[in-house]
Amino acid sequence: MDTRERLVKAAADLLVEGGKEAVSTRAVATAAGVQAPTLYRLFGDKDGLLDAVAAHGFAGYLASKQAMGATGDPVDDLRRGWDLHIGFGLARPAFYLLMYGEPRKREARLEADAMLREIIGRIASAGRLTVPVEQAAQFVHATGLGVVLALIATPEQDRDLDLITFTRENVIRAITKDASPDEPTDVPTRAIALKAALEEDPPQMLSHAERVLLAEWLDRVAK
């Protein structure tokens, strides 16, 4: 491990143990066994060091996001990306807060943001996005951030992890034409869908009068 790596690891350990406030240049230099001027020579200042720590902490996340790849269903890719993002935030909260808990946009965050926009751009290209790409990206990011921060702030034993899926599906419903394929629907919604299917492909075993009556019943259920 070279000097730069020792400094990054020392800073990362301090971050996990005590949060960003614990990552002072003096504490990092002492933990790494180097002189403070060496730290400044390698990173310029504390922000440069924190950029390196953020990149170190997010390396696994970004690699997982890249390895996730693309399927033929960009909306499902968004679901998988959402779950990966939330999972990382809960597993490594100190690094997540360093990345997303302040106005400064670190390099690793810019890369993650670009990946999100790429997925949403594919949804738009497929004709399934109902709002502009930038607006959708900001909405997904802000909502996902809120979920992670809310869960981090809640004692682990009190966390309602159903919030992850519930919020994800509401976000997808708000920006696309899709709902979760395994999400339960209410009776009126099913009635509307059944009537549409019957109108598209009328069942031949029913007479015209029976089909009219069935359509009337479905209209009543759908109200």
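See the structure above.
Everything numeric here is computed off the predicted structure, so don't read it as measured data.

Helix and strand content of the chain: 11 helices and 0 strands. Over its C-alpha atoms the chain spans a radius of gyration of 25 Å, topping by over 25% the 17 Å that the globule rule assigns to 223 residues. In terms of overall dimensions, the chain has a C-alpha envelope of 90 × 40 × 25 Å along the principal axes. Buried positions account for 35% of the 223 residues belonging to the chain. Here the analysis covers contacts within the chain between residues at least 6 apart in sequence; of these, 66% occur between residues at least 24 apart. Counting every atom, the chain has about 12,600 Å² of accessible surface; 56% of that belongs to carbon and sulfur. Counting 27 positive and 33 negative side-chain charges, the chain places the centres of these two groups 5 Å from one another.

Next up on the list: the packing of helix α1 (residues 3–18) against helix α2 (residues 25–32). α2 packs onto α1 with a crossing angle of 120° between their chain directions and a minimal axis gap of 8 Å. In this view, α1 runs oblique relative to α2, as classed from their interaxial angle. The way α1 lies across α2 gives a crossing that is right-handed. Counted together, R6, L7, A10, A11 and L14 of α1 and A27, V28, A29, A31 and A32 of α2 form the full contact between these two elements.

Let's shift gears to the pattern of salt bridges. Throughout the structure, instances matching the rule amount to 11 salt bridges. When the shortest N-O distance is used, the salt bridge between D77 and R80 registers 2.8 Å. Linking D77 with R80, this pair stays in helix α5 (residues 74–91), spanning 3 residues, or about one helical turn. Here D77 falls in the buried class, since its relative accessible area comes to 0%. Relative accessible area serves as the criterion here: at 28%, R80 is assigned to the partly exposed category. R122 is paired through a salt bridge with E118; the nearest N and O atoms lie 3.0 Å apart. Within this pair, R122 and its partner E118 are both found in helix α7 (residues 107–125), separated by 4 residues, close to a single helical turn. Among the charged side chains, a salt-bridge network with shared partners connects D77, R80, E118 and R122.

Topologically, T143 is positioned in helix α8 (residues 133–152). Filtering out sequence-adjacent residues up to four positions away, T143 remains in contact with W82, T167 and V171.

All told, the structure shown has 1 cavity of 30 Å³ or more when counted by the stated rule. Estimates place the volume of the largest cavity at around 170 Å³. Lining of the largest cavity is provided by 14 residues; of these, Y61, K65, H85, L116 and V140 occupy positions nearest its centre. Those elements that place two or more of their residues in the lining of the largest cavity are α4 (46–68), α5, α7 and α8. Taken together, the residues of the lining of the largest cavity break down into 8 nonpolar, 4 polar and 2 charged.

Rules used in this analysis
- Residues numbered from 1 in each chain as written.
- Predicted model: local features only at pLDDT ≥ 70, side-chain atom pairs only at ≥ 80, totals over all residues.
- Heavy atoms only, no water.
- Helix = DSSP H or I, 4+ residues; strand = E, 2+ residues; numbered from the N terminus.
- Rg over C-alpha atoms; globule rule 2.2 N^0.38 Å.
- Buried < 20%, exposed > 50% of the residue type's maximum accessible area, 1.4 Å probe, protein only.
- Contact = heavy atoms within 4.5 Å.
- Areas by Shrake-Rupley, 256 points an atom, 1.4 Å probe, with all protein chains shown as cover.
- Lys, Arg positive; Asp, Glu negative; His and termini not counted.
- Charge placed at Lys NZ, Arg CZ, Asp CG, Glu CD.
- Axes fitted to C-alpha atoms, helices over the stretch in contact; angles between N-to-C directions.
- Parallel < 35°, antiparallel > 145°, perpendicular 65-115°, else oblique.
- Left-handed = near helix turned anticlockwise from the far one by under 90°.
- Salt bridge = Lys/Arg side-chain N within 4 Å of Asp/Glu carboxyl O.
- 1 Å grid on protein atoms, 1.4 Å probe; cavity = no way out; pocket = protein on both sides within 12 Å on 5 of 7 lines; lining within 4 Å.
- Points joined across faces, edges and corners; volume = space filled by probe spheres on them.
- Nonpolar A, V, L, I, M, F, W, Y, C, P; charged D, E, K, R; others polar.

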